[in-house]
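Observations on the model geometry
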Amino acid sequence: MQVRQTRRAIVVGVAALPLRPLWAQAADGAVVAFAGSTVRFASVETARSSLAADDEWLRAAGPFNLRVIMGRSDAVSKEDFRRWVVSAAMPWPEDQRQRWTRAFQALAPGWNALRIPLPPEVLLVGTTGQEQSGAPHTRGQGIMVPVGFKAGAAAEDAWLMAHELWHVASRLVPDLATRLYAEIGFEPIPPLVYPEAWAPIRLANPDAPEHRHAMRLKIGGREALVTPVLVAARTELKPGETFFNVLDVRLLEVQPDGPVSRAVMRDGQPVWHAVKGDHDYLKRLGGNTGYVIHPEETMADNVALLATQRPAPNADLLARLRAVFEARSR
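Quick look at the structure, then. (Residues numbered from 1 in each chain as written. Predicted model: local features only at pLDDT ≥ 70, side-chain atom pairs only at ≥ 80, totals over all residues. Heavy atoms only, no water.)

1. Notes on the environment of Leu321
Our working definition: Only DSSP runs of H or I reaching four residues or more are called helices, and only runs of E reaching two or more are called strands; each is numbered from the N terminus. Working definition: with a 1.4 Å probe on protein chains only, accessible area under 20% of the residue-type maximum means buried, over 50% means exposed, and in between means partly exposed. Two residues qualify as a contact provided that any one of their heavy atoms is within 4.5 Å of a heavy atom in the partner residue.
Structurally, Leu321 can be placed in helix H10 (residues 315–329). Classification of Leu321 by relative accessible area gives buried; the value is 0%. For the pair Leu321 and Leu180, spaced 141 residues apart in the sequence, the C-alpha separation amounts to 6.4 Å. Every residue in contact with Leu321, bar those within four places of it in the chain, is listed here: Leu180, Glu183, Met299, Asn302 and Leu306.

2. Brief notes about the nonpolar core
Nonpolar side chains tend to gather and get buried jointly when the protein is soluble and globular. To keep things clear, this is the line we draw: Throughout, nonpolar core names a set of buried Ala, Val, Leu, Ile, Met, Phe, Trp, Tyr and Cys residues whose side chains join them through atoms within 4.5 Å.
In this structure, Phe34, Trp100, Trp111, Leu124, Met161 and Trp166 are the most contacted members of the largest nonpolar core, which totals 105 residues. Looking at which element gives the most residues to this core, the answer is helix H6 (residues 154–172), with 10 residues.

3. Some remarks on helix H3 (residues 63–70)
A large share of H3 lies buried, amounting to seven of its eight residues. Where H3 is buried, its residues contact helix H2 (56–60), helix H4 (78–85) and strand E10 (222–232).

4. Regarding the pairing of strand E11 (residues 247–257)
As a reminder of what qualifies: Strand pairing follows a simple DSSP-based rule, namely that at least 2 bridges must link the two strands.
Pairing geometry for E10 and E11, over seven bridges, is antiparallel. Directly across from Val226, in E11, lies its bridge partner Glu253. One ladder, built from three bridges, connects E11 with strand E15 (residues 272–274); its direction is antiparallel. Along E15, the bridge assignment pairs Leu251 with His273. Connecting the antiparallel pair E11 and strand E12 (residues 260–263) is a turn made up of two residues, with Gly258 showing a positive phi of about 65°.

This is how it looks when you write it as structure tokens:
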């Protein structure tokens, strides 16, 4: 999810994938720009199916999350949301097809050089934006983009697609994501069972709705294992506000418990810390981005820096990430 506030069953290595001619525009409007993968502009019917999918994000989204997206003050069910969200599907106007085709074509050389695997098909889903308060995001193999998303420079469009494509790639090859996360201080943990005490205020990021990695920090003279989670700081919105206005990032203390991880509790409440606190959480993320709500988002920005060949404050981190990609492709 790119907001500046703040499987195929068989996975094949890119080196083994057949290379298709770059820059090709298929007769049906699909963009053939990436090694072994085609980006297809989704039809309205396909867009509806993608938006209404009973997937990891929908299962994670809390009651506040769904009702605030829908602009409701009363309780809504996940089925209510699925029936509602199909109205967000939009057809792709020709000028927008051309815009995003240019973005993918500009991105492809840098992306292919990193040899980042993608599914055989990636869907570009046109929406009204209502389904995530106007923010581009991903679900499954789909990149959801509001058809009216503000026009930027061609380089900005390529950057956005690099960020979102990484989310699609990381679902396909989670072992690669885990290896890259290690470069910013995260280690794998069993999946987190979200604390029941925060269920009414849970916010789920469609790009990374679950929590399977954590960082060890020194806090108050002791070691704590923490993972960043999203909650609503308040559940009453003012006119014109969206969930982004109330989004709060908290470093939740966790502990593995067999096949799952659980929140550390104190006096019946989860133990957590502010992102900006007496610890080195932000420093360990590398300093190349302020997008620090989840290791997946931090990594997506760093991958976008690599793929679009932009300079970065921490060039050493990018060099380490590039080495991970190179080692994987050997």
